[in-house]
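Secondary and tertiary structure notes
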Amino acid sequence: MTSAFEYAPAPESRSIVDVAPSYGLFVDGEFTEAADGKVFKTVSPSTEEVLSEVAQAGEADVDRAVQAARRAFAKWSALPGSERAKYLFRIARIIQERSRELAVLETLDNGKPIRETRDADLPLVAAHFFYYAGWADKLDHAGFGPNPKPLGVAGQVIPWNFPLLMLAWKIAPALATGNTVVLKPAETTPLSALFFADICRQAGLPRGVVNILPGYGDAGAALVAHPDVNKVAFTGSTAVGKEIARTVAGTRKKLTLELGGKGANIVFDDAPIDQAVEGIVNGIFFNQGQVCCAGSRLLVQESIHDELLDSLKRRLSTLRLGDPLDKNTDIGAINSAEQLARITALADRGEAEGAERWSPACELPTSGYWFAPTLFTNVTQAHTIARDEIFGPVLSVLTFRTPDEAVAKANNTPYGLSAGIWTEKGSRILAVANKLRAGVIWSNTFNKFDPTSPFGGYKESGFGREGGRHGLEAYLDV
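Everything in this summary refers to the structure shown in the same document. In this text, all values refer to a predicted model and were calculated from it rather than measured experimentally. (Residues numbered from 1 in each chain as written. Predicted model: local features only at pLDDT ≥ 70, side-chain atom pairs only at ≥ 80, totals over all residues. Heavy atoms only, no water.)

What to know about the packing of aromatic side chains
In the structure shown here, the tally under the stated rule is 15 aromatic pairs. Aromatic pair Phe-26 and Phe-31: ring centres 5.1 Å apart, planes at 50 degrees, arrangement tilted. In this arrangement the basic side chain of Arg-428 is found over the ring face of Phe-268, its NZ or CZ atom lying 4.6 Å from the centre. Over the ring of Tyr-458 we find Arg-465; its NZ or CZ atom is 5.4 Å from the centre of that ring. (Phe/Tyr/Trp six-rings, centres within 6.5 Å; stacked < 30°, edge-to-face > 60°. Lys NZ or Arg CZ within 6 Å of the ring centre and 35° of its normal.)

Some words on the pairing of strand β17 (residues 440-443)
Side chains Val-440 and Trp-442 project from β17 onto a buried face, and the interleaved Ile-441 and Ser-443 project onto a face without burial. One ladder, built from four bridges, connects strand β16 (residues 418-422) with β17; its direction is parallel. Across the sheet, residue Ser-418 finds its bridge partner in β17, namely Val-440. For the segment spanning β16, helix α14 (residues 426-435) and β17, crossover handedness is right-handed. (Buried < 20%, exposed > 50% of the residue type's maximum accessible area, 1.4 Å probe, protein only. Helix = DSSP H or I, 4+ residues; strand = E, 2+ residues; numbered from the N terminus. Pairing = 2+ DSSP bridges. Right-handed = clockwise from strand over helix to strand, strands pointing away.)

Looking at the sheet that holds strand β15 (residues 394-400)
One open sheet accounts for seven strands, arranged β13-β14-β15-β12-β11-β16-β17; its pairing is mixed. The sheet terminates laterally at β13 (356-358) and β17, the two strands that pair on one side only. Ignoring strand direction, the axes of neighbouring strands in this sheet form an average angle of 20 degrees. Sheet topology places strand β11 (residues 264-267) next to strand β12 (residues 297-301); four bridges connect them, and they run parallel. (Axes fitted to C-alpha atoms, helices over the stretch in contact; angles between N-to-C directions.)

What follows is the structure, given as structure tokens:
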């Protein structure tokens, strides 16, 4: 996309990352082949080049990993909290030391811009480990009664949109509370989890405390259904979340689910327009819109609709789409061909149903998976694009006249993960926030994360909280 001044390319060097031609599963402190010898390839979404070949976990591997985690549990859970904290602090520091390497790796495997992995993902990953390291010896004071006990083996399944950050959200509280872990990363982004396995070895973490099993949905299903898993944590789609809930029903497994969303970003007529535009752009185009809490529905008060849209379109025309390793890039690649097909189909459906589509002039690279930032106006609540989670850089714009109408429209969704409110009136922020059925509500900002703050949803966005003191509860027998 063009601007008055063109930015010269500023590519981040790949030389800092040494990606091996093949990786095994990480079980009981060792990298090992899958029991059936199966492997799969992981590709870079921005170029479609094969990055590495990775062992594909099956049911036998899941069983082996759960057994290793069970063996490690007795000693790990018996350690004083202050000793477990030392390992977590060590992991956090190594993540900081290797953050540039991990940021480049994440960008290569996921497709998101280096600016995001470097400035958002990696600092938050380290912060989560530092934060939960601090809780490890203070569990008596967390509000869950004296001497709360861990659950046992945690089976964790994470998505491809924030591979390392979702790993940190899951593993840090589990280890702090004395549980052991078997984690399955997404099949399109296994590499950062395997590098994390190396960090666990570097930190001297006892064998079996963390096990990493790259693989497909069958490995995730086997992990969730394994009789010796005490706790299941899943971040991903609502459809898979419902399947997991059915699998776990009737067992004694504790469950947390962080699922889809269709977040409403509500802009009132007294909002600072330029600030709101930045928040709207951050809310839907951060990580190419592949964010469960994305502000994918923009609710604008009628009186400022035209002014806000003009400003938003001007801003979108300055976004730079292209090589994710270029430090100037705002919008990177879509994670996979499958995800690109889903985004394309839903955007086409929006057009077919009568919504008005707009994208800035934008040249898409010839190789890789790309989708131009897209805006839909004349959207009603009946449109598919206003109801279904698209999980891409697509924004639906709706209007409202009164605060009550804004709340009614914002809540008119099966999801309830996030929302944003833009107004100068503190009283209005509080009044509207109290009526929104969303787990996380941002005021005059969007997509702000902090390890001390709990994150989670209502309704079809799941249940349970991750982060903060609340995030400990899911891993304690309380």
